[in-house]
Structures are given as C-alpha cells and as structure tokens.
Amino acid sequence: MRYFIVDDDRASRVMLKQIIEDSGLGTVIGEARNGEDAIPQILMTQPEFVLIDLLMPKLDGIATVEHLIQNRFEGQFVMISQVVNKEMVGEAYEQGIDFFIHKPINRIEVENVLRKTTEQFRLKNSLLIIRQSLTSIDLSEQINHKATSRDHIQSILNDMGIVGEIGSEDIIAIIETLLAHQHKIAPLPPLKELYEEIAAVTKATPDDILKESKAIEQRVRRTILAAMINLANLGVVDYTNSEFEYYAPRYFDFKEIRQLMTQIEGHANRKAKVNIKKFIQVLYSDILTKVN
C-alpha cells in the first residue's frame, strides 16, 4: 500500500512514516505540510491512502479532502487530529472519512487503524471486481442473485472494523455452523460444543480438537474485544455515529463500551469483559433475518 501524509507538524510526519514502514504496512510516497501543497502531488501520484491532519494552515483537512474528491481521487482518507469537536468530526464523516488517528500519535493505534483500512480497501476492491464481472452475466441471473450468508456476516464484521482480524473466520464458521443445523434463535447450543465442532473440521484426535477449540475461543474473544474498542473509539469521536448507535448497545454490554470510552479518553489500557454468547446470539439473529 502507498501512503501520502499531510500534516503541518514535521515530527508527526516523521513518526507516521517510521511506523508505516517499520510495521511493513506499505510505503510513504510523499508528504506535505498543508493542503495546498498536497493536492497536486496526491492527484499526480494517486496513493491508496492519504493520512491528513484536520487542522492545518492555508487549507484544512476537510477542505482538502473535499477538493480531492471533486477531482475524482479514489483513494481512502484517514484523519489525524487531537481536536474532539462533534461538528467538525461530523463534517469529516460526511466527506468520506471512515477512520481517525488521535494525537498524540500512538504506534499501536496507528498500526491497528491502518491494518483495518487496508483490509477495508482490499474488500472494497474485491467487491468492485465482482461488480465488474457481473456486467458480463445475463440480466436474469443478476436479478436472481442473492448475497450469501458469508457476505452478510462479513458486511457486519466490516462495519465493526474486524473483518481482517484473525478470529473473524472463526466467527463466520460459528454462524455458518448454526445455519447448517437450522438452529432456532434461542437458546443457542453451548459455545464449547460449537468450538469443538469447528475444530473437528481440521483436527482429528480428541486432544488436538480440545486444544484447537480453546484456541478458537481465545481468537473469538480477542476479535470481539477489538470490535468493542473500535466502537468505543467511534463513540468518543462522535456519539451519534450510526455504527456506534446500532452495534454498541445491541451486540455488547453497553456499560463495558462506556468503560472503554473512559479509558480511551484517559489514555489508559483498554480492558473490558467480553460477552461472547451475546455477540454470537445477536449476530446469528441478524443473519437469520437477512438470509430469510
């Protein structure tokens, strides 16, 4: 992936470039200290991602993004800011900003955000390729096409920013297993049974199945926690964000989301209790609604 950094703070540009290249996320192909200088370079080089500061002299981040979109720039934007102003953040979302990196810059946050944007970018390109391929299919076949259950699950996980997490495949496997058994919405079978059934697909001996089922549980738990942290970050930036409003109280214990928001605002370690059963229950219920 190719990145372009726009920030009037040279130290921030240096730090972001070092994190991107040291982490193997991609290459920084250019940088600028304001929007006016950045626009012609970005339109010429067409990077996949533009990391752009919200507040800059001459031309601020939102105005720069608007100008680039008007000139048909198709890359993605990640906003950098230490300002938590709901009006400005809301305007940024309207202009197509999906992710924020907060100042002071934190290496772990930068890596997590950029890995998620990369996954989203690849998913978007894959969907574009699929759409282009469908143009050669007979119209009647297109009309009869239905999204698969996997498509629906990935769409929801993508909304929460976890489609690229290692445990996302385990979550998909759990929901597909429930669908295959045509299980009723409630009560769900014990999670342990689901883990073991999925583990048995790749493992043969009882010991290996048990070991893999425990690994599945840990991957799922870490992935759900990542979703909670992502939503808590959205809530801190914009309490009225549509993804935050829908997923935070529905899929999780909201008091845990609130606790994470407090930790984020206080720059403390992100810790929360993960209710795997509730997450799976609600996700399965939503997927049943979509596929039926």
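Residues numbered from 1 in each chain as written. Predicted model: local features only at pLDDT ≥ 70, side-chain atom pairs only at ≥ 80, totals over all residues. Heavy atoms only, no water.

Visitor: Sorry if this is basic, but what is going on with the UniProt feature "modified residue: 4-aspartylphosphate" (unreviewed entry) in the protein here?
Guide: When the UniProt feature table is mapped onto this chain, "modified residue: 4-aspartylphosphate" (unreviewed entry) is found at D53. Within the secondary structure layout, D53 lies in strand β3 (residues 49–53). Every residue in contact with D53, bar those within four places of it in the chain, is listed here: V6, D7, D8, G61, M79, I80, S81 and K103. (UniProt positions renumbered as here; feature names shortened; annotations may be inferred. Helix = DSSP H or I, 4+ residues; strand = E, 2+ residues; numbered from the N terminus. Contact = heavy atoms within 4.5 Å.)

Visitor: Just to check I follow, could you spell out the environment of F252 for this structure?
Guide: Looking at the secondary structure, you find F252 in the loop between α11 (242–251) and α12 (254–265). Since its relative accessible area comes to 3%, F252 is described here as buried. If sequence neighbours within four positions are ignored, F252 has contacts with M160, I224, A227, M228, L231, Y247, I257, K278 and F279. (Buried < 20%, exposed > 50% of the residue type's maximum accessible area, 1.4 Å probe, protein only.)

Visitor: Help me understand the packing of helix α10 (residues 206–237) against α12, please; the structure alone is not making it clear to me.
Guide: Working note: a packed helix pair is described by the angle between its axes plus the distance between those axes. Look at α10 against α12: their axes get within 9 Å of each other, and the N-to-C directions meet at 65°. The angle between α10 and α12 places the two elements in the roughly perpendicular class. The chirality of how α10 crosses α12 is right-handed. Together, M228, I229, A232, N233, G235 and V236 of α10 and E256, I257, L260, M261, I264 and E265 of α12 make up the contact between the two elements. (Axes fitted to C-alpha atoms, helices over the stretch in contact; angles between N-to-C directions. Parallel < 35°, antiparallel > 145°, perpendicular 65-115°, else oblique. Left-handed = near helix turned anticlockwise from the far one by under 90°.)

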